[in-house]
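Listed below are the residues making up each chain.
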Amino acid sequence: APKSGERESKIVVAAAEHGFDPDDWSIFWEAIMRMGNATRRNAWIVMLFTGIRSENVRSLTWNQIDFDSRTIRLDKMKNGLSRTMPVSATVMTVLEAQRSNHEHVFPSNSRTGHIDHLDALKTDDGIVVLSQHDTRRHFMQACAEAFLPDYVAHFLRGDKKAGSGNDMLMRYLKRMGNHHAPSQIEDVIISHIGNRPEIS
């Protein structure tokens, strides 16, 4: 459940208004996969399967990606810290598909050279079902359903604090290099989507 003052995710709001299942993530997954721009579509997938803040995903450069260790390094997170996180097979498949000679993983003809913004996604009927921040909420939900501790999800999302006395535990994850947790979270997300993603 969202914290006090925090809004529900778009899929939950839409489900209440239109009578569909809020745990059926195929609804917003189809909206992602319908996108004609592969770069923008792939940015959404990475956000969903990592829980990393949109601005950090959209501004990724190739020197932050390690294909051998299957990790992403964030140098300029909102909290000012740097962190290297293991990621799932789906994320690595997307990054491999994006591979180019451009400096940025998700390039754009913008002032920054990368995607500056991603508009909320809608169904064919025009119902808003996913925002950039929602991907972080869904990642946390998947982590909870995988019975993983909150501090693991907060670490993998690039958060500074885990809350509820777990900050010290999260510090011990600085050398976390195994992919067990990302894989478990990936499995939960795929179970909500309904099928394993096909990335091209």
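Cut-offs applied
- Residues numbered from 1 in each chain as written.
- Predicted model: local features only at pLDDT ≥ 70, side-chain atom pairs only at ≥ 80, totals over all residues.
- Heavy atoms only, no water.
- pLDDT = per-residue confidence, 0-100.
- Contact = heavy atoms within 4.5 Å.
- Salt bridge = Lys/Arg side-chain N within 4 Å of Asp/Glu carboxyl O.
- Helix = DSSP H or I, 4+ residues; strand = E, 2+ residues; numbered from the N terminus.
- 1 Å grid on protein atoms, 1.4 Å probe; cavity = no way out; pocket = protein on both sides within 12 Å on 5 of 7 lines; lining within 4 Å.
- Points joined across faces, edges and corners; volume = space filled by probe spheres on them.
- Buried < 20%, exposed > 50% of the residue type's maximum accessible area, 1.4 Å probe, protein only.
- Phe/Tyr/Trp six-rings, centres within 6.5 Å; stacked < 30°, edge-to-face > 60°.
- Lys NZ or Arg CZ within 6 Å of the ring centre and 35° of its normal.
- Pairing = 2+ DSSP bridges.
- Axes fitted to C-alpha atoms, helices over the stretch in contact; angles between N-to-C directions.
- Parallel < 35°, antiparallel > 145°, perpendicular 65-115°, else oblique.
- Left-handed = near helix turned anticlockwise from the far one by under 90°.
- Nonpolar A, V, L, I, M, F, W, Y, C, P; charged D, E, K, R; others polar.

Caption draft 1: Fine view of the confidence of the model for the chain. Averaged over the chain, the pLDDT score is 87; the fraction of residues at 70 or greater is 85%. A low-confidence stretch, residues 1-5 (pLDDT under 50), is modelled with 2 contacts involving residues beyond four sequence positions or located in other chains. In the predicted structure, residues 165-170 sits below a pLDDT of 50 and forms 12 contacts with residues beyond four places in sequence or in another chain.

Caption draft 2: Region of the structure containing the pattern of salt bridges. Using the criterion set out here, one finds 7 salt bridges in the structure. Here D124 ties to R34 by a salt bridge, and the two come within 3.2 Å at their closest N and O atoms. Of this pair, D124 sits in the loop between β4 (121-122) and β5 (128-130) while R34 sits in the loop between α2 (26-33) and α3 (38-50), and the two are 90 residues apart along the sequence.

Caption draft 3: Quick peek at empty space enclosed by the protein. Summed over the entire model, instances satisfying the criterion amount to 1 cavity of 30 Å³ or more. Size it by volume and the largest cavity reaches roughly 40 Å³. Lining the largest cavity, in full, are F49, T50, P86, V87, S88, F139, L156 and P182.

Caption draft 4: Structural detail: unusual backbone geometry. Even without glycine at this site, R70 takes up a positive phi of about 55°. Note that R70 resides in the loop between β1 (65-66) and β2 (71-74). Its relative accessible area of 31% is what places R70 among the partly exposed residues.

Caption draft 5: View of the packing of aromatic side chains. Inspection of every chain in the model, using the stated rule, returns 3 aromatic pairs. Measuring from ring centre to ring centre gives 6.2 Å for W62 and F67, while their planes differ by 25°; the resulting arrangement is stacked. Residue classification places W62 among the buried positions, given a relative accessible area of 15%. Positioned above the aromatic ring of F67, the side-chain terminus of R99 is 3.8 Å from the ring centre.

Caption draft 6: Seen up close, the sheet that holds β1. Here 3 strands make up an open sheet; going across it, the order is β1-β2-β3 and the pairing antiparallel. Each of the sheet's edge strands pairs with one partner strand only, and the pair in question is β1 and β3 (83-86). One ladder, built from 4 bridges, connects β2 with β3; its direction is antiparallel. Counted as the bridge partner of L74 is R83 from β3.

Caption draft 7: Broad picture of helix α5 (residues 89-98). Those residues of α5 that fall on the buried side of the exposure criterion are T90, V91, M92, V94, L95 and Q98. Structurally, α5 contributes buried residues whose contacts are with α3, β1, β2 and α9 (180-193).

Caption draft 8: Structural detail: the packing of α3 against α5. Interhelical geometry of α3 versus α5 gives an angle of 160° and a closest axis separation of 9 Å. The pairing of α3 with α5 is recorded here as roughly antiparallel in orientation. Classified by chirality, the crossing of α5 by α3 is left-handed. On α5, the residues that touch A38, T39, N42, I45, V46, F49 and T50 of α3 are T90, V91, V94, L95 and Q98. Considering only residue class, the contact of α3 with α5 consists of 7 nonpolar, 5 polar and no charged.

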